[in-house]
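# Per-entry structural report
Below are the chains, spelled out letter by letter.
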Amino acid sequence: MKRALITGITGQDGLYLGELLISKGYEVYGLVRGQNNPKLDTVRRILPEVKLIFGDLTDLPSLLRALETARPHEVYNLGAISFVAYSWENASMTSDVTGKGAFNMLEATRLWAGSKLDDVRFYQASSSEMFGKVQEVPQRESTLLWPRSPYGVAKVFAHYMTINYRESYGMHASSGILFNHESPRRGPEFVTRKITQAVARISLGLQETVALGNLDASRDWGFAGDYVEAMWLMLQQEQADDYVIATGETQTIRELLEVAFGHVGITDWERHVTQDPRFMRPAEVDLLVGDPAKARETLGWKPKVDFRELVQMMVDSDIEDQRQTSR
Ligand code: NAP
Ligand code: G4F
């Protein structure tokens, strides 16, 4: 039986990846931080089979202990401070967790595996946020990185560190450069979920307006359930490598609003949206659109859920949630 260790098990991707690996017969271990993590109950409910280990990406000895307990064949490093806006306010902590935390996980894996490093495979959750002020459209694996946020800078460090472990120690370490991916499990601070929650509440008469920042940015949005499959596929390849995972299409926040409000029959969405400078960023990433050709050709990966289906799935799920909480 294959064993996997997932950091970031309490996050959106951790939950989907945990489900995928369990369905493939893996024994799954998940790293959880904090002495009373509020998301523990959710993980236990969705993934009762997963064995939880306490540890923190900033604490290398705790990662070594986690590895000793799990003895994984595959390590998925999904843990991070992942909210870009927050990363300006907590740049130092973001560097420690999202940047140096990845190094800690790589180094702990190398130290723990010792002469058996060939038996372990490592996945690093890299991000399209690394492309920042994009130097090429669409963005591919070879596009020059130009991060625009402390989060993006930390991810670039983690990305190159992963490549460095591959090149220095021959470690089977792959990076997935994932473009934005969403789901009903997305944190409510991210723009998709913030909008689908607001649309659900507005359609039920529980709220009038939603305050947003820049409506002109474009993102390449896919479904998280599809993207965790790409992570797994990367670790099944003989050679470790880096892959862009994206849909190849891009939409603005305005288009997202149109589809989300349209799904509940509201066509004049502008009267429900206000703009608030608090949600504008010191530096914006204006346009993200990925070229997933390498993933399609090498991994045989392609997304199954399109943008409209994704937004509709999220709005429907939020309507159901809101109905249950107001019952
Ligand atoms: P998420 O929902 O924000 O989950 C982040 C996870 O990291 C949570 O489980 C969180 O635990 C954990 N974490 C935070 N600080 C930690 C620490 N000090 N030690 C150990 N774990 C810690 O993010 P996601 O959307 O699932 O994304 C997964 C990964 O992919 C992240 O690395 C993210 O940066 C990257 N990524 C995401 C996207 C996307 O569009 N979703 C795109 C590209 C890359 P708590 O629950 O305890 O906070
Ligand atoms: O949903 P967002 O906060 O996601 P962002 O910044 O693109 O980051 C996400 O995707 C990255 C991959 O590219 C991940 F690495 C990262 O961890 C995270 O998952 O914002 C999307 C866009 C931005 O342009 C932002 O300025 O939406 C714009 N936006 C406009 N109003 C807003 C809002 N974003 C948020 N969160 N809240 C607003 O009110």
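What you are looking at is a predicted structure, and each value in this text was computed from that prediction instead of being measured.

The next subject is the sheet that holds strand 1 (residues 3-7). The seven strands are arranged 3-2-1-4-5-6-11 in an open sheet whose pairing can be described as parallel. Looking at strand neighbours, the two that pair on one side only are strand 3 (51-54) and strand 11 (242-245), the edges of this open sheet. Going across the sheet, the axis of each strand differs from the next one's by a mean of 20°, ignoring polarity. Sheet analysis places strand 5 (residues 121-127) next to strand 6 (residues 172-178), joined by seven bridges and oriented parallel. Residue pairing in the sheet places Y123 in a bridge with S174 of strand 6. Across the sheet, helix 8 (residues 224-235) is in contact with strand 4 (74-77), strand 5, strand 6 and strand 11; its angle to strand 6 comes to roughly 155°.

Another point: unusual backbone geometry. In this chain, V137 is followed by P138 through a cis amide linkage whose omega measures -5°. Residue position: P138 is located in the loop between strand 5 and helix 6 (150-169).

Here we take up the domain arrangement of the chain. What the domain assignment reports for the chain is domain 1 (3-181 + 222-245) and domain 2 (187-219 + 249-286 + 305-326). Between domain 1 and domain 2, the C-alpha centre-to-centre distance is 28 Å. Across the boundary between the two partners, domain 1 contributes 12 residues, which contact 11 residues of domain 2. Summed over both sides, the interface of domain 1 with domain 2 buries roughly 1200 Å², with 63% coming from carbon and sulfur. Our enumeration of links across domain 1 and domain 2 arrives at zero salt bridges. Secondary structure elements with two or more residues in the side of domain 1 that touches domain 2: helix 4 (84-89) and strand 10 (222-223). No other element matches the three residues that helix 4 contributes to the side of domain 1 that touches domain 2. Residue composition of the side of domain 1 that touches domain 2, by class: five nonpolar, four polar and three charged.

Here the focus is the packing of helix 9 (residues 253-263) against helix 11 (residues 307-325). A pair of packed helices is captured by two measures, namely the crossing angle of their axes and the spacing between those axes. Between helix 9 and helix 11, the shortest axis-to-axis distance is 9 Å and the interhelical angle comes to 55°. Classed by the angle they form, the pair helix 9 and helix 11 counts as oblique. Between helix 9 and helix 11 lies a crossing whose hand is right-handed. Side by side, helix 9 and helix 11 meet where E255, L256, V259, A260 and H263 of the first sit next to F307, R308, V311, Q312, V315 and D316 of the second. Here the contact of helix 9 with helix 11 is composed, by residue class, of six nonpolar, two polar and three charged.

The next point concerns the site of ligand 1. Close to ligand 1 lie 25 residues, the nearest being T10, R33, N37, S82 and Y151. Contact distances for ligand 1 include 2.5 Å between an oxygen atom and a side-chain N or O atom of T10. A distance of 3.2 Å is found between a nitrogen atom of ligand 1 and a side-chain nitrogen or oxygen belonging to R186. When isolated, ligand 1 has an accessible area of 890 Å², and the protein chains bury 91% of it. Elements with a minimum of two residues in the shell around ligand 1: helix 1 (12-23), strand 5 and helix 6. With three residues, strand 5 is the single largest residue contributor to the shell around ligand 1.

Definitions and cut-offs
Sequence order as written defines the numbering, with residues in each chain counted from 1. Labels follow written order: the first chain is A, the first ligand is 1, and so on. Where totals are concerned, whole chains, interfaces and linings use all residues; where local detail is concerned, this predicted model gives features only for residues with pLDDT of at least 70, and gives and counts side-chain atom pairs only at 80 or more. The basis for every side-chain value is the complete set of non-hydrogen atoms in the structure, without hydrogens or water. When DSSP locates at least two bridges between a pair of strands, those strands are taken to pair. For the purposes of this entry, the term helix denotes a DSSP run of H or I that reaches at least four residues, the term strand denotes a run of E that reaches at least two, and both are numbered from the N terminus. Working convention: axes come from line fits to C-alpha atoms, limited for helices to the stretch in contact. Angles between N-to-C directions cover 0 to 180 degrees. Contacts were defined at the residue level, with two residues in contact if any of their heavy atoms lie within 4.5 Å. Throughout the structure description, domain borders are defined by an automatic or database domain assignment. Two parts lose some accessible area (1.4 Å probe) when they are put together, and adding that loss for both gives the buried area. Only one rule defines a salt bridge in this text: a Lys or Arg side-chain nitrogen within 4 Å of an Asp or Glu carboxyl oxygen. Residue polarity follows a fixed list, in which Ala, Val, Leu, Ile, Met, Phe, Trp, Tyr, Cys and Pro are nonpolar, Asp, Glu, Lys and Arg are charged, and the others, Gly among them, are polar. An angle counts as roughly parallel when it lies under 35 degrees, as roughly antiparallel when it exceeds 145, as roughly perpendicular when it falls between 65 and 115, and as oblique in every other case. Two helices cross in a left-handed way if the nearer one is turned anticlockwise from the farther one by less than a right angle. They cross in a right-handed way if the turn is clockwise. Only heavy atoms are used to decide nearness, and a residue is near a molecule or strand if one of them lies within 4 Å of it. Pairing of N or O atoms within 3.5 Å defines a polar contact, subject to two protein rules: one partner must be a possible hydrogen donor and the other a possible acceptor, and residues neighboring in sequence count only if both atoms are side-chain atoms. Here, Shrake-Rupley sampling with a 1.4 Å probe gives the accessible areas, and only protein chains in the shown set may cover a residue.

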